[in-house]
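# Chains, contacts and geometry: an overview
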Amino acid sequence: PELRVALPDPRIAWELMRFRPEVVHAVGPACLGVWGLVTARALGIPTVASYHTDFPRYLSHHGLGFAEPTVWPLIRAVHNLAHLNLCPSRFTRDELEDHGIQNVGIWRGGVDTKLFHPSKRTAEMRYRLTDGDVEAPLLLCAARLSPEKKLEMVRPVLESLPDVRLAILGDGPARSDLERHYAGFPVVFTGFLRGEALAQAFASADVFLMPSTTETLGFVVLEAMSAGRPVVAARAGGIPDLVQHGENGILYDPDDAAALLEAVEGLLSEPFRGRFYAEQARKAAEGMTWRSETRELVWAYRRAIKAHRNANVLRMIRYAWRD
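It should be emphasised that the depicted structure is a prediction, and the values quoted were computed from it without experimental measurement. (Residues numbered from 1 in each chain as written. Predicted model: local features only at pLDDT ≥ 70, side-chain atom pairs only at ≥ 80, totals over all residues. Heavy atoms only, no water.)

## Regarding the overall build of the chain
Each helix and strand in the chain was counted, giving 13 helices and ten strands. Each principal axis of the C-alpha distribution contributes one length, and for the chain these read about 80 × 40 × 35 Å. Expressed as a percentage of the 323 residues in the chain, the buried residues total 48%. Across the chain, the fraction of contacts at a sequence separation of at least 24, relative to all contacts at a separation of at least 6, is 66%. Just so you have it, the chain exposes about 16,300 Å², and 56% of that area is on carbon and sulfur atoms. In the chain, 38 positive and 39 negative side-chain charges are present, and the distance between their average locations comes to 9 Å. (Helix = DSSP H or I, 4+ residues; strand = E, 2+ residues; numbered from the N terminus. Buried < 20%, exposed > 50% of the residue type's maximum accessible area, 1.4 Å probe, protein only. Contact = heavy atoms within 4.5 Å. Areas by Shrake-Rupley, 256 points an atom, 1.4 Å probe, with all protein chains shown as cover. Lys, Arg positive; Asp, Glu negative; His and termini not counted. Charge placed at Lys NZ, Arg CZ, Asp CG, Glu CD.)

Structure below.
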């Protein structure tokens, strides 16, 4: 219910003719994005498309796994309209190429390292997230509360470590189910947090958890790293592009609740290791600022423009050859 969808609007053709852009970038092309790609190609404008959400893998978590074979041809048809496709991780790039999507490059997007900073830790936020038990170890999850995020996997950790507290940031269709799942456990649901409050929440936790296996990258992981938090995450999707196991965090095999518990228990019992991972995570995030990532995006736009120009040249050569 919190997702908004814009329907195709023919007025976009007039706006593109009026604005005369050098390139059109459709982010997650669906509905309005598809119309934008089709219109841009018809007008002879270079196009870029981004793939950020693993919709086909989400289907199985909503009882629609049978539809996955029919979804990929649609995704392929839309993305192959673009001169260049961008995705946030090597895993996603390989998956797109395996399904016949062409001209795929990687662009992660960045993190605001000034906003998400270790200095944003506050006693007030920690009091809120621990429900007043500020001395207890605090685990943090941040996600859209939906089945594919697998947030229910953290419960065995709380069962084995009764002194630990958990805060879940976000909202979504699975919130009521999760609240029932964690009834009787020391869990705080905050709903959506934004801006300064979100940054304070990240910095005020002891360990950040990411049990989801459907992330094309996992921006909340990047934000947690920027906030100087040690990360424990499932070895799946694009997460390994951010978390280097044993260097700036811990990766565990998906669906292995025992491995998740072992990772959390190890960090809490060896604070020096957690501090080391936190420092390395912050250093990694500092190399992924919006300035550096936007510079990469501009180069991607230049590649799309060049690909469009080369395609036109080839088309002219073919026409001349036919004549």
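## Here we look at the sheet that holds strand E5 (residues 138-142)
Reading across the sheet, the six strands line up as E7-E6-E5-E8-E9-E10 and stay open at both edges, with parallel pairing between neighbours. The open sheet is flanked by strand E7 (187-191) and strand E10 (249-252), the only strands paired with a single partner. In this sheet, neighbouring strand axes are inclined to one another by 20 degrees on average, regardless of whether the strands run parallel or antiparallel. Examined bridge by bridge, strand E8 (residues 207-210) and strand E9 (residues 231-234) share three bridges and lie parallel to one another. Of the residues in E9, the one forming a bridge with Met 210 is Ala 233. Across the sheet, helix H9 (residues 195-204) lies against E5, strand E6 (165-169) and E8, angled at about 140 degrees from E5, the strand it touches most. (Pairing = 2+ DSSP bridges. Axes fitted to C-alpha atoms, helices over the stretch in contact; angles between N-to-C directions.)

## Observations concerning a positive patch on the surface
Where like charges cluster on the molecular surface, the positive patch consists of Arg 41, Arg 315, Arg 318 and Arg 322. Within the secondary structure layout, Arg 318 lies in helix H13 (residues 290-322). (Patch = residues over 30% accessible without salt bridge, like charges linked within 9 Å, V, L, I, M, F, W, Y side chains within 5 Å. Salt bridge = Lys/Arg side-chain N within 4 Å of Asp/Glu carboxyl O.)

## Notes on the nonpolar core
Counting 33 residues, the largest nonpolar core has Leu 169, Phe 202, Phe 208 and Val 221 as its most contacted members. At the level of secondary structure, the elements contributing two or more residues to this core comprise helix H6 (123-129), E5, E6, H9, E8, helix H10 (219-226), E9 and helix H12 (271-286). Tallying contributions element by element places H9 first for this core, with five residues. Discounting chain neighbours no more than four positions away, the residues touching Leu 169 are Leu 129, Leu 140, Cys 141, Ala 142, Ala 143, Leu 145, Thr 190, Gly 191, Leu 193, Leu 198 and Ala 201. (Core = buried A, V, L, I, M, F, W, Y, C linked by side-chain atoms within 4.5 Å.)

## A word on the layout of surface pockets
Volume-wise, the second largest pocket comes out at about 210 Å³. Pro 137, Asp 206, Val 207, Gly 228, Arg 229, Pro 230, Leu 267, Leu 268, Pro 271, Gly 274, Arg 275 and Ala 278 together form the lining of the second largest pocket. For the lining of the second largest pocket, the elements supplying multiple residues, two or more each, are helix H11 (257-269) and H12. A per-element tally of the lining of the second largest pocket places H12 first, with four residues. For the lining of the second largest pocket, the class distribution of residues is seven nonpolar, two polar and three charged. (1 Å grid on protein atoms, 1.4 Å probe; cavity = no way out; pocket = protein on both sides within 12 Å on 5 of 7 lines; lining within 4 Å. Points joined across faces, edges and corners; volume = space filled by probe spheres on them. Nonpolar A, V, L, I, M, F, W, Y, C, P; charged D, E, K, R; others polar.)

## Topic: the side chain of Thr 39
Residue position: Thr 39 is located in helix H2 (residues 32-42). Residues within four places of Thr 39 in sequence aside, it is in contact with Ile 12, Ala 13 and Leu 16.

## Quick notes on helix H4 (residues 68-79)
The terminal C-alpha atoms of H4 lie 17 Å apart, and with twelve residues this matches the ideal 16 Å at 1.5 Å per residue to within 8%. On its buried face, H4 sits against H2, strand E2 (47-50), helix H3 (55-59), strand E3 (84-87) and helix H5 (90-98). (Expected span 1.5 Å × (residues − 1).)

## Focus: the packing of H11 against H12
Contact geometry of H11 with H12 gives a least axis separation of 5 Å together with a crossing angle of 100 degrees. Relative to H12, the element H11 lies roughly perpendicular. Facing Gly 266, Leu 267, Leu 268 and Ser 269 of H11, the residues of H12 in contact are Pro 271, Arg 273, Gly 274 and Tyr 277. Among the residues making up the contact of H11 with H12, the classes are represented as four nonpolar, three polar and one charged. (Parallel < 35°, antiparallel > 145°, perpendicular 65-115°, else oblique.)

## Description of the pattern of salt bridges
For the structure shown, the criterion picks out 18 salt bridges. Between Asp 206 and Arg 126 there is a salt bridge, with the nearest N and O atoms lying 2.8 Å from each other. With a gap of 80 residues between them, Asp 206 in the loop between H9 and E8 and Arg 126 in helix H6 connect regions that are remote in the sequence. We classify Arg 126 as buried; its relative accessible area is 9%. The salt bridge partner of Arg 155 is Glu 159, with a shortest N-O separation of 3.0 Å. Taken as a pair, Arg 155 and Glu 159 lie in helix H7 (residues 155-160) at a separation of four residues, close to a single helical turn. Given the relative accessible area of 26%, Arg 155 is considered partly exposed. A residue is classified by how much of its surface remains accessible, and Glu 159, at 46% relative accessible area, is partly exposed. Linked by salt bridges that have partners in common, Arg 121, Arg 126 and Asp 206 make up one network.

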